[in-house]
Every structure is written in C-alpha cells, then in structure tokens.
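Notes for the structure review
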Amino acid sequence: MARYTREDILRMAEEEDVEFIRLQFTDMFGTMKNTAVTAGRLEQALDNACTVDASSMEGFFRDEEEELYLHPVTDTFCILPWRPQQGKVARLICDVYRADGTPYRESPRHILERVKEQAEQKGYSFQVNPECEFFLFHTDENGRPTTVTHEQAGYMDLSPVDLGENARRDIVLTMEEMGYDVASSHHEIAPAQHEIDFTMADVLETADKFMTFKVAVRTVAKRHGLHATFMPKPVAGVNGSGMHVNMALCKDGKNVFEDPEDELGLSREAYAFIAGIFAHIKGMTALFNPLVNSYKRLVPGFEAPSDITWSSSQRTAMVKVPGDRRKERVVELRSPDPSADPYLVFALCLAAGLEGIEKGMELAPELKADIRSLSEDEKKELGIRSLPENLNEALNEMEQDAWIAQTLGGSFAEHYRKNKRSEWKDYSRQVSDWELSRYLYRI
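Summarised in this report is the structure supplied together with it. (Residues numbered from 1 in each chain as written. Predicted model: local features only at pLDDT ≥ 70, side-chain atom pairs only at ≥ 80, totals over all residues. Heavy atoms only, no water.)

Focus on helix 5 (residues 203-223)
The α-helix advances 3.6 residues per turn, and as a result positions three or four apart in sequence lie on the same side. In a regular helix each residue adds 1.5 Å, so 21 residues correspond to 30 Å; helix 5 covers 30 Å between its end C-alpha atoms and thus fits that length. Across the 21 residues of helix 5, 16 count as buried, placing the element largely inside the fold. The opening residue of helix 5 is aspartate 202, an N-cap whose side-chain oxygen sits 3.1 Å from the backbone nitrogen of leucine 204. Directly beyond the C-terminal end of helix 5, a positive phi value near 75° is found at glycine 225. (Helix = DSSP H or I, 4+ residues; strand = E, 2+ residues; numbered from the N terminus. Expected span 1.5 Å × (residues − 1). Buried < 20%, exposed > 50% of the residue type's maximum accessible area, 1.4 Å probe, protein only. Polar contact = N/O pair within 3.5 Å; in protein donor to acceptor, adjacent residues only side chain to side chain.)

A short note on the packing of helix 4 (residues 165-177) against helix 5
Following both chains from N to C, one finds helix 4 and helix 5 inclined at 135°, their axes separated by 9 Å at the closest point. The orientation of helix 4 relative to helix 5 falls into the category oblique. Judged by the twist between their axes, the crossing of helix 4 over helix 5 is right-handed. On helix 5, the residues that touch Ala167, Asp170, Ile171, Thr174 and Met175 of helix 4 are Phe213, Ala216, Val217 and Val220. (Axes fitted to C-alpha atoms, helices over the stretch in contact; angles between N-to-C directions. Parallel < 35°, antiparallel > 145°, perpendicular 65-115°, else oblique. Left-handed = near helix turned anticlockwise from the far one by under 90°. Contact = heavy atoms within 4.5 Å.)

As for the pattern of salt bridges
Applying the stated criterion to the full structure yields 25 salt bridges. Among the ionic pairs, arginine 109 bridges to aspartate 208, the shortest N-O distance being 2.7 Å. Remark: aspartate 208 occurs in helix 5 and arginine 109 occurs in helix 3 (residues 108-121); sequence separation between them is 99 residues. A residue is classified by how much of its surface remains accessible, and arginine 109, at 6% relative accessible area, is buried. For aspartate 208, a relative accessible area of 2% gives the class buried. One salt bridge connects lysine 209 with glutamate 205, and the closest N-O pair in it is separated by 3.2 Å. Highlighted residues: lysine 209 and glutamate 205, both in helix 5, separated by 4 residues, approximately one helical turn. When its relative accessible area of 12% is taken as the criterion, lysine 209 is described as buried. (Salt bridge = Lys/Arg side-chain N within 4 Å of Asp/Glu carboxyl O.)

Digging into the pairing of strand 9 (residues 193-198)
Within strand 9, 6 of the 6 residues are buried, which leaves the element mostly enclosed by the surrounding structure. Where burial is concerned, the two faces of strand 9 agree: the one with Gln193, Glu195 and Asp197 and the one with His194, Ile196 and Phe198 are both buried. Pairing analysis gives 5 bridges linking strand 7 (residues 124-138) to strand 9, with the strands arranged antiparallel. Looking at the pairing, phenylalanine 135 lines up with glutamine 193 of strand 9. Bridge count for strand 8 (residues 182-187) against strand 9 is 5 bridges, and the pairing is antiparallel. Residue pairing in the sheet places serine 185 in a bridge with isoleucine 196 of strand 9. (Pairing = 2+ DSSP bridges.)

Some words on the environment of alanine 369
Structurally, alanine 369 can be placed in the loop between helix 8 (342-358) and helix 9 (376-381). Looking at alanine 369, the relative accessible area reads 33%, which means it is partly exposed.

Observations regarding unusual backbone geometry
The general pattern is negative phi for most residues beyond glycine and trans for most peptide bonds. In the Ramachandran plot, asparagine 48 falls in the positive-phi region, its phi being about 65° despite a non-glycine side chain. In this fold, asparagine 48 is placed in the loop between helix 2 (42-46) and strand 3 (50-53). The class of asparagine 48 is partly exposed, set by a relative accessible area of 27%. In this model, aspartate 252 sits at a positive phi of 55°, which is unusual for a non-glycine residue.

Some points on a nonpolar patch on the surface
A contiguous nonpolar surface patch, about 480 Å² in accessible area, is contributed by Val431, Leu436, Leu440 and Tyr441. You can see leucine 440 is positioned in the segment after helix 13 (433-439). With relative accessibility at 52%, the residue leucine 440 sits in the exposed group. (Patch = residues over 30% accessible without salt bridge, like charges linked within 9 Å, V, L, I, M, F, W, Y side chains within 5 Å. Areas by Shrake-Rupley, 256 points an atom, 1.4 Å probe, with all protein chains shown as cover.)

Topic: the side chain of glutamate 131
Mapped onto the fold, glutamate 131 is located in strand 7. No salt bridge forms around the buried glutamate 131; measuring N to O, its nearest opposite-charge neighbour arginine 334 is 5.7 Å away. Of note is the side chain of glutamate 131, whose polar atom sits 2.9 Å from the side chain of asparagine 246. (Lys, Arg positive; Asp, Glu negative; His and termini not counted.)

Here it is in structure tokens:
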C-alpha cells in the first residue's frame, strides 16, 4: 500500500486535476457507502470535518440521531480509473468516529483494526488472500440484471467459449492501474462464473481492497453490457460463488504455521489456529454467510462445504491446507461467500485462530475420505458436525456463542442479529415459484 501524507494527497489532487473525492466507508452488512466532496473541500475532509447522518442509513443505529465524522485513511487515496480523465474522481476510505473523537465501535473497519492491534501486541502479523468468485450475466432491454448467459464455459476455459474473458481482463487491468497486485484470474466451474485472486497482503489493506474490488467489478462489467453479481447462489443446479480466505500468521518475520518436521509441514500453532476457528464456526456462519441465499450454496452435492472438516487433499473440506510441501503453509477457509463483510470475516478468523493458539486447542484428525461418500451415520460416528442449514439456525448459533459478541462488541452483535432476523422473517412470509409449481395443482 502506498504511504501518503496529507501534503502528498493535496499535491496529487492538484497535479492530476481531481475534481471530486469520494469519502467511502462500510456499514455493518458490508455495503460500501460514500459521500463526495469537491476538490475545494479536500482540506476540510483531511481535517476530519466531514460528517454523515447515521440515523438515515441502514446498517447503522438508525434510532440514534447522531452525526458521525469521517476520518480519511490517507494511504487509501486512489484515483478511480473508470471515471473521467478530465475532472477526475478519487476516493479515500474512511474510519468512522463520533463527535467526541472516539471511534464508532460499530464500524466493521474499526472492529478489524481493534483485533489486528490486539494481535500485534502479542507479536503477530496477519496476512490474507481472498479468492473471490462472481457471475457475469446479461441485462435486459431496460438495463436490469438477469440470470441469462449465452456461454457454457467451464473451469479455466478460454475464449471463444469463455464469453466473459474480455470483461475479466479489463477488471484485472483496472485493479492493477489502481496499484493492486492481482495474482491470477480464470473462468470458474459454472457458466458465467469467474474468479480473481489477490496476492497475500496485510489483513486490513486486503479488506479495503476487497471492498473496492467489488465496486470495480460491477463498474467494468456494466461497461461491457453485463451485470456482475456477488450473490452466493444466483442459479440453481450449479456451483455458487465463494470467498475462500487464505491465511498466514507471522511472528518475528517467520510463518508461524510452518514446521518442517510435521507430516504436512504444519506447526502446532497451525493446528490450534484451525481448531479455534472450528470452535466458533457455527456461530460465525451468520456473518460469513449473511444472506438467506447464502445457505442455498452451502448444501451437499456441490464444492461448497456443509460439514466442519479439514483436509490436505479433499476439495470439499471446510479448511484446506496444502499437501504439497513446495507451497507456502497457509490455512484456507472455504465456507465464507462474497456477500460477507470482509472486515468482519477477517477479524473473526484472526481472533478465533489466536484463541485456539492461546488455549492450545486440539484439532480432530484430518478427514482423508471424500465427505460426499459418507452417510449421516458415518459422519456421526466420526464426530463430524455440520454448518447451520439456514440463516435462522445460524443466528441462533451466533446468539449462543458469547465469544462472538465479546469480539464484535455486544451492541454490534445484537443489532446485527436483530436486522438479520427481520430479513429471515420477511423471507419466511414469501411464496416461491417452487412452492407454486409443486403444490398449487396437487393440493
């Protein structure tokens, strides 16, 4: 990440003919918000003097009539390459503060900052690399999104079968123009599904990048006449989209997860880190998979994990570790989806993993068999637990795990559950096309 001072930003804005600056921040549900100021008010913005009305926004405490102050993070200054080249538009990601100068504790970015700082006080640094999947669909004659695609490409296919290749290439070039280091990109398993991967980087920097990445993907797709969606399961009968999180924990410049003497090259800390995540995974699922639709992806029969297992060889395991010793020792969590708030996902993974290390938690043996070949009775005999089957179950698990409220903050957890329960109740009142086609003429 570039290191900019206040003077650097003022100079670059003038030299690059920047006319508008978007001050961006994220609500508790992972939705990016922003307010724009003109270049003439940039100094005021850098003085932390710009405010937003929290009571008017979903994802904040709307019963509080309070102005919140945006504190721009200078290192996040970036000119948006998809905006005009004359009268350019730049962005600054902001931390959110109260009028008394204290951080707004319900800000997801602040939650991650707090957990990261706690880890650093113990000598740890945390790096992540999310693998983000999404779909590119056609729009209708009015420009509205559909789930229609003309392509039938599969895993790592290329043009002319992969009809989204040009859009994906432009997304990568746009991200690189913004200074992001993209590791790779390819067509995924389902038709119209794509994946773009970052390189390993600092956890907070990566969360910021992920939020900008989603905006860039949608913007570039629209230029190609397509609609990009991060909805976990937009089409039945094919794989959904995940956000696999590759994690590495370092101390004194060394990867804590590495032990050459171990059969898999993993340290005791690595096993305990995974055990810590597993200890809280059922409650964390409400945040890792925050939509009603998320649970249409987490079903048997596809590659998304529905059981709590780890493996060095099975693709359907929830946590995958490298079986190849030539690869860096990382822990890959495969259950989160791209609708989740990355600040919360990364904060909870780090906090849970560190708890596992500090308490010396024991990890169950590696599952070497294909989970899809095991019956329910066999899974019970092996002590394999499953993820919640729907959002309501996940919220119940979240409520029962007091550690989650301690990590996120009690008021944050309560407000999150309240909003998501309302979403579940609204869904439960709907009558779907599936119900009509199955019951209307038969009952």
